[in-house]
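Residue strings, one per chain:
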Amino acid sequence: MIMLDATIVSVANPAIMRGLGLGGDYSGVVWVTSAYLLAYAVPLLVTGRLGDRFGPRRMFLVGLAVFTLSSAWCGLAGMLPGGGLGMLVAARAAQGLGASFISPQTMAIITRIFPPQRRGVAMGVWGSVAGVAGLVGPIAGGVLVDAFGWESIFFVNVPIGIAALIAASRFVPKLPTHAHRFDLPGVALFVAGMFLIVFGLQEGNTYDWGPIVGPISVVGLIVAGLVLLALFVVWQGVQRGEPLLPLAVMRDRNFALANIAVTSTGFAVTTFNLPLIFFLQTVRGLTPTQGALVLAPSAVMSVILARFVGRLVDRVVNPRVLIAPGAVAYLGGMVWMAWLMRPDTPIWLFLLPAALLGIGGSFVWGPLSTTANRSLPPQWAGAGSGIYNTTRQLGAVIGSASIAALMEARIAAHLPGAAPSAGASGMVLPEPIRAPFAAAMAESLLLPAGVLGIALVAALFLVPPPFRRPGAGAPAPGSARP
């Protein structure tokens with residue numbers, strides 16, 4: 001549900017823009033995604049600790065209830081008095097907050113239940129579900145938008161959420177808790193820094209990357225955000241209490257590298273769908289369902305390979321043997337897709353890079369999750385999962401803001417004037433401007449491909465975990481410490 005809602009909106013963006021009368025306001029509609037991702041990413045460092053303090057099961061249920069209720073609010077945002085884009089963005093932020101309570105608990109529960117030598121399959125399934133959801137999101141969104149309107153992509157969460165609450169109450173186990181103190185100055189620095197960066201990136205084109213109010217400029221906001229994040233890191237190292245980001249955990253080489261890789265992967269996956277969907281709907285004239293089905297081979301390949309890759313993770317000593325080729329396939333699929341984005345390319349050809357994306361994702365998501373937490377001790381399970389999920393979502397939220405700015409810039413370069421508004425309407429563009437609009441979307445797609453290269457470089461430096469499989473005469477699983 002969490003990952004689905006991070007991507008399902010991409011296919012509905014043209015319909016939301018049309019339904020809420022947003023014209024060509026790409027930055028405005030992208031806030032529907034960014035608000036969710038920002039409210040999801042920022043609290044994760046705290047909510048992981050809350051699971052350690054009050055129990056992951058309890059926090060999972062609280063988050064699931066908030067997520068389900070706010071999903072209903074999202075669907076009603078255009079119907080309620082005073083509703084519109086502002087209310088939808090607020091509801092999405094509440095939804096993201098609920099997601100931030102859920103996500104670290106799932107990873108912490110898996111880490112604490114399964115011994116290191118058996119986490120591969122468990123994390124493989126967990127990571128693959130996240131990857132599949134990111135790919136299935138646009139498909140599900142297309143079907144729902146075509147059949148019931150954009151509001152349905154949020155209403156569908158309500159019955160699923162209720163069923164999940166009942167199942168979680170019955171099946172999710174209670175686990176021991178650990179006392180924690182919370183770093184409020186660290187929270188303030190982190191929240192302020194992230195908001196300034198995301199706002200600056202996403203609204204840069206709106207203010208022409210210049211002044212906003214008086215001496216305050218877009219670039220100044222971004223620089224201020226970076227400074228606050230740097231101060232946050234420094235504070236985590238010098239404070240005497242319990243830091244949100246225990247820097248000692250980053251001494252584990254694989255944990256640190258996996259976080260770098262998942263940040264760039266989260267950035268790439270979140271940004272990839274938006275330009276592709278606009279191209280398929282406004283240049284090629286596909287319906288939301290038809291456009292989303294272009295990505296169906298990705299989901300199919302991910303489902304087929306999930307268990308197989310999970311078993312490989314438990315057998316392969318060096319994780320880079322799996323993750324590096326997966327990153328290459330992922331990156332190659334994105335570049336291939338961008339190269340095909342022309343008005344006259346046969347639609348069936350897009351299915352080939354889509355399948356390659358599914359193969360690459362299968363060898364990235366699950367193995368990265370396992371690699372990140374395999375050698376962490378149980379008492380750091382909550383902190384470790386919180387950090388890992390935070391870095392993944394930080395990549396996603398910064399990517400969401402960045403792709404909006406890049407798309408607007410490339411459209412302005414290829415189509416000066418009012419053409420972006422036509423593309424945003426969700427209607428097929430006139431013949432003369434299809435090729436330049438397609439070029440703008442293809443160039444935008446190269447951003448996630450380039451950032452994914454960072455994941456590939458990080459994967460090349462991964463090393464075998466500090467233990468071997470049972471019977472190998474190595475230290476007992478779990479004995480290693482960062």
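Owing to the predicted nature of the structure, the values given are computational and were not obtained by experimental measurement.

Draft legend 1. Representation of the overall build of the protein. Along its length, the protein carries 19 helices and two strands. Classification of the 482 residues of the protein by burial places 59% in the buried group. Taking contacts inside the protein between residues at least 6 apart in sequence as the whole, the part at least 24 apart equals 84%. With an accessible surface of roughly 17,900 Å², the protein has 71% of that area assigned to carbon and sulfur atoms.

Draft legend 2. Representation of the nonpolar core within the structure. By size, the foremost hydrophobic cluster in this structure holds 120 residues, and its most contacted members are Met194, Met337 and Met441. Ranked by residues supplied to this core, first place goes to helix α11 (residues 253-282) with 13 residues. Those residues in contact with Met337, other than ones at most four positions away along the chain, are Phe272, Leu276, Leu295, Phe350, Pro353, Ala354, Leu357 and Leu445. In terms of nonpolar packing, the next biggest core, distinct from the first, is built from six residues, Val309, Val313, Leu322 and Phe363 among them.

Draft legend 3. Structural detail: the side chain of Ser70. Relative to the elements of secondary structure, Ser70 occurs in helix α4 (residues 56-76). With relative accessibility at 4%, the residue Ser70 sits in the buried group. Here the side chain of Ser70 touches Gln95 through a polar contact of 3.3 Å, landing on its backbone nitrogen. Ser70 has contacts with Ala91, Ala94 and Gln95, leaving out every residue within four places of it along the chain.

Draft legend 4. View of the pattern of salt bridges. A full pass over the atoms with the stated rule returns two salt bridges. For the salt bridge of Glu443 with Arg410, the shortest nitrogen-to-oxygen distance reads 2.7 Å. Residue Glu443 is located in helix α19 (residues 431-460), and its partner Arg410 is located in helix α17 (residues 381-414); the two are separated by 33 residues in the primary sequence. On the accessibility criterion, Arg410 (26% relative accessible area) is partly exposed. Here Glu431 ties to Arg434 by a salt bridge, and the two come within 3.1 Å at their closest N and O atoms. On the criterion of helical spacing, the pair formed by Glu431 and Arg434 is a turn pair, its members being three residues apart in helix α19.

Draft legend 5. Local environment of the packing of α11 against helix α16 (residues 365-373). Following both chains from N to C, one finds α11 and α16 inclined at 150°, their axes separated by 8 Å at the closest point. By the angle between their directions, the pair α11 and α16 is classed as roughly antiparallel. For the element pair α11 and α16, the recorded crossing hand is left-handed. Contact residues: Asn254, Phe255, Ala258, Ala261, Val262, Thr265, Gly266 and Val269 in α11; Trp365, Leu368, Thr371, Ala372 and Asn373 in α16. Looking at the contact of α11 with α16, its residues break down into eight nonpolar, five polar and no charged.

Draft legend 6. Highlighting the confidence of the model for the protein. Considering every residue of the protein, the mean pLDDT works out to 83; 89% of them sit at 70 or more. At the low end of the mean pLDDT range in the protein sits helix α18 (residues 419-424), at 49; at the high end sits helix α14 (residues 320-340), at 95.

Draft legend 7. Expanded view of the environment of Ala327. Inspection of the secondary structure assignment puts Ala327 in helix α14. Considering only alpha carbons, one finds Ala327 and Gly453, 126 residues apart in sequence, at a separation of 7.6 Å. Setting aside residues no more than four positions away along its own chain, Ala327 makes contact with Val364, Leu452 and Leu456.

Draft legend 8. Inspection of the environment of Ala140 at higher detail. As for its position among the elements, Ala140 is in helix α6 (residues 119-148). Classification of Ala140 by relative accessible area gives partly exposed; the value is 23%. In this structure, the C-alpha to C-alpha distance between Ala140 and Ala292, residues 152 residues apart in sequence, is 7.8 Å.

Draft legend 9. Quick peek at the packing of aromatic side chains. Taken as a whole and assessed by the stated rule, the structure comprises six aromatic pairs. Judged by centre distance (5.1 Å) and plane angle (45°), the rings of Phe190 and Phe232 are tilted. With Phe190 in helix α9 (residues 184-203) and Phe232 in helix α10 (residues 218-238), the pair connects residues that are 42 residues apart, well separated along the chain. Overall, Phe190 belongs to the buried group, its relative accessible area being 6%. Ring geometry for Phe195 against Phe199: centres 5.9 Å apart, planes inclined by 25°, an arrangement best described as stacked. Of this pair, Phe195 and Phe199 both sit in helix α9, four residues apart, which is roughly one turn of the helix. Residue Phe195 is classed as partly exposed on the basis of its relative accessible area, which comes to 41%. By relative accessible area, which is 22% here, Phe199 ends up partly exposed. Feature note: the residues Trp31, Phe195 and Phe199 constitute an aromatic cluster, connected by ring pairs. Residue placement shows Arg53 over the ring face of Phe54; its charged tip is 4.9 Å from the ring centre. Taking the ring centre of Trp339 as reference, the NZ or CZ of Arg342 above it sits at 4.9 Å.

Conventions and cut-offs
- Residues numbered from 1 in each chain as written.
- Predicted model: local features only at pLDDT ≥ 70, side-chain atom pairs only at ≥ 80, totals over all residues.
- Heavy atoms only, no water.
- Helix = DSSP H or I, 4+ residues; strand = E, 2+ residues; numbered from the N terminus.
- Buried < 20%, exposed > 50% of the residue type's maximum accessible area, 1.4 Å probe, protein only.
- Contact = heavy atoms within 4.5 Å.
- Areas by Shrake-Rupley, 256 points an atom, 1.4 Å probe, with all protein chains shown as cover.
- Core = buried A, V, L, I, M, F, W, Y, C linked by side-chain atoms within 4.5 Å.
- Polar contact = N/O pair within 3.5 Å; in protein donor to acceptor, adjacent residues only side chain to side chain.
- Salt bridge = Lys/Arg side-chain N within 4 Å of Asp/Glu carboxyl O.
- Axes fitted to C-alpha atoms, helices over the stretch in contact; angles between N-to-C directions.
- Parallel < 35°, antiparallel > 145°, perpendicular 65-115°, else oblique.
- Left-handed = near helix turned anticlockwise from the far one by under 90°.
- Nonpolar A, V, L, I, M, F, W, Y, C, P; charged D, E, K, R; others polar.
- pLDDT = per-residue confidence, 0-100.
- Phe/Tyr/Trp six-rings, centres within 6.5 Å; stacked < 30°, edge-to-face > 60°.
- Lys NZ or Arg CZ within 6 Å of the ring centre and 35° of its normal.

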